[in-house]
Amino acid sequence: MQGMVSVRNLVKTFVSKEETVTALNNVTLSTPPNRILTLLGPSGCGKTTLLRCIAGLESPDSGEISIGDEVVWSKAQGISLPPERRGIGMVFQSYAIWPHMTVFGNVAYPLEIRGIPKSEIEERVKNILELVQLSGFENRLATKLSGGQQQRVALARALVAEPKVILFDEPLSNLDAKLRESTRQELRDFLTELAISAIYVTHDQVEALTISDDIAIMRGGVIVERGTPQDIYLRSNNPFVVDFIGRANFLEATIKGYKDENHAIVSCALGDVVCNAPCDLGIGTKVTIYTRPESFEVVAPSSPPVENEFEGTVTSLLFAGEAHEAEISVGGARVLAKLKFHIPLKKGDKVRLHIDREWCRALDPAEEA
Ligand code: ATP
């Protein structure tokens, strides 16, 4: 089945007197219905340009875009539907709600311009305001709402016309940290309840991990990896992706042998480590392995060492609320470990660390080139 949104071989360049910027370099992407796909990547990687091309706010140079079964833009077929005929809703960073209108007026507007009868408008606005928990605010001027409430008005306005797809561009970036956290949970709940497809742009890694069913990581106008949040955070073999999303300890290593078809024994500054590895790497191959700081645990020093246990010394320690962030010197390496806050630790302490072989991975040398 075709994706709810399918983008094929999309190219977009911005040409000015000074330079030509390739914002999208042959992007192909498809998202199934009823999923939240996030475009994530550093500033300037092309996320907003891709979203604007899907919305019809930007005209690509070549390629094709479909929404549902309909081709909405195609260079080859000479098709270019305007935004209002693409069946999409949009929510942007600046909520773009009308300050002179009430909550009701803002949410009713997309239905009024479609000429929908007044009684139906009232019913649909009532239902959508209930969904976004703004019942009772109908007559309030939109500007007399908190940031989070204004964002929900923008969401209600985008949803009321029952779009096939909803596009979000950094919708929570104007909210403070606490509100951002609760709003993204609400947003995920709304979208899941409505079984609506969404494409969501953010450069906030935590937001991407928490809100998405799928994440596409972009770099320099190209999608470099696509997967579930767990795939992207825990199982990527791409050094750019690993480094971009969260923190990681990278260690130079050499393949010594294989435990089974998915796990290699490597030699590195920590000692011998069993890790996930692409199995087609020969003995002696130089690789980089990585671990996430929260994958380490402190184990009792009395028991005999088992696989992937290492003696180290705490060289610095930060208390970060839910965890200690400890820098630990092990062999010739220094690793960052996020350790449970209830473990009494101080600088200079000797600790024994363990890491499960599943949370330690060798990067694909081909991806590092
Ligand atoms: P950010 O996270 O900073 O919003 P982004 O990933 O959304 O970045 P885009 O806004 O899509 O990136 O920009 C991609 C590239 O295209 C950048 O190099 C940008 O400078 C360039 N670009 C975007 N819009 C224009 C424009 N109207 N004219 C010229 N260059 C543009």
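Residues numbered from 1 in each chain as written. Predicted model: local features only at pLDDT ≥ 70, side-chain atom pairs only at ≥ 80, totals over all residues. Heavy atoms only, no water.

1. Some details on the environment of Leu270
Relative to the elements of secondary structure, Leu270 occurs in the loop between β13 (263-268) and β14 (271-276). Put simply, Leu270 and Ser329 are 59 residues apart on the chain and 9.2 Å apart in space, counted from C-alpha to C-alpha. (Helix = DSSP H or I, 4+ residues; strand = E, 2+ residues; numbered from the N terminus.)

2. A short note on helix α2 (residues 103-112)
Burial analysis of α2 places seven of its 10 residues in the buried class, which makes it a mostly covered element. Val103, Gly105, Asn106, Val107, Ala108, Pro110 and Leu111 are the residues of α2 that are buried. Those residues of α2 that are buried are in contact with α3 (118-131) and α4 (147-160). (Buried < 20%, exposed > 50% of the residue type's maximum accessible area, 1.4 Å probe, protein only. Contact = heavy atoms within 4.5 Å.)

3. Focus on the domain arrangement of the protein chain
Accessible area lost upon the coming together of the parts is a frequently used measure of interface size. Assigned domains within the protein chain: domain 1 (5-235) and domain 2 (247-368). Computed from C-alpha coordinates alone, the two centres of domain 1 and domain 2 are separated by 39 Å. Taken together, the contact pairs four residues of domain 1 with five residues of domain 2. Counting each side, the surface lost to burial between domain 1 and domain 2 is near 480 Å², with a carbon and sulfur contribution of 43%. Scanning the region where domain 1 abuts domain 2 turns up zero salt bridges. (Domains from an automatic or database assignment. Buried area = accessible area lost by both parts, 1.4 Å probe. Salt bridge = Lys/Arg side-chain N within 4 Å of Asp/Glu carboxyl O.)

4. Observations regarding the nonpolar core
Among the nonpolar cores identified, the biggest contains 35 residues, and Val107, Val125, Leu129, Leu155, Ile166, Phe168 and Leu191 are the most heavily contacted of them. Counting only elements with at least two residues in this core, the list comes to α2, α3, α4, β8 (165-169), α5 (177-194) and β9 (197-202). Broken down by element, this core gets its largest block of residues, seven residues, from α4. Excluding residues within four positions of it along the chain, Ile166 makes contact with Gly89, Val91, Leu155, Ala158, Leu159, Leu191, Ile196, Ser197, Ala198 and Ile199. (Core = buried A, V, L, I, M, F, W, Y, C linked by side-chain atoms within 4.5 Å.)

5. Considerations on the packing of α2 against α3
Two numbers describe how α2 lies on α3: the axes approach to 10 Å, and their chain directions differ by 125°. For the element pair α2 / α3, the angle class is oblique. When you trace α2 past α3, the crossing you get is right-handed. Touching Val103, Phe104, Val107, Ala108, Leu111 and Glu112 of α2 are Ile121, Glu122, Arg124, Val125, Ile128 and Leu129, all from α3. Among the residues making up the contact of α2 with α3, the classes are represented as nine nonpolar, no polar and three charged. (Axes fitted to C-alpha atoms, helices over the stretch in contact; angles between N-to-C directions. Parallel < 35°, antiparallel > 145°, perpendicular 65-115°, else oblique. Left-handed = near helix turned anticlockwise from the far one by under 90°. Nonpolar A, V, L, I, M, F, W, Y, C, P; charged D, E, K, R; others polar.)

6. Describing the pattern of salt bridges
Counted by the stated rule, this structure contains 18 salt bridges. The closest approach of N and O atoms between Lys256 and Asp272, which form a salt bridge, is 2.7 Å. Here Lys256 is found in strand β12 (residues 249-260), whereas its partner Asp272 is found in strand β14, with 16 residues between them in sequence. Overall, the relative accessible area of 46% leaves Lys256 in the partly exposed class. The class for Asp272 is partly exposed, based on a relative accessible area of 41%. Two residues, Asp260 and Arg357, come together in a salt bridge whose shortest N-O distance is 3.7 Å. Here Asp260, found in strand β12, pairs with Arg357, found in the loop between β20 (350-355) and β21 (360-362); they are 97 residues apart in sequence, far enough to count as distant.

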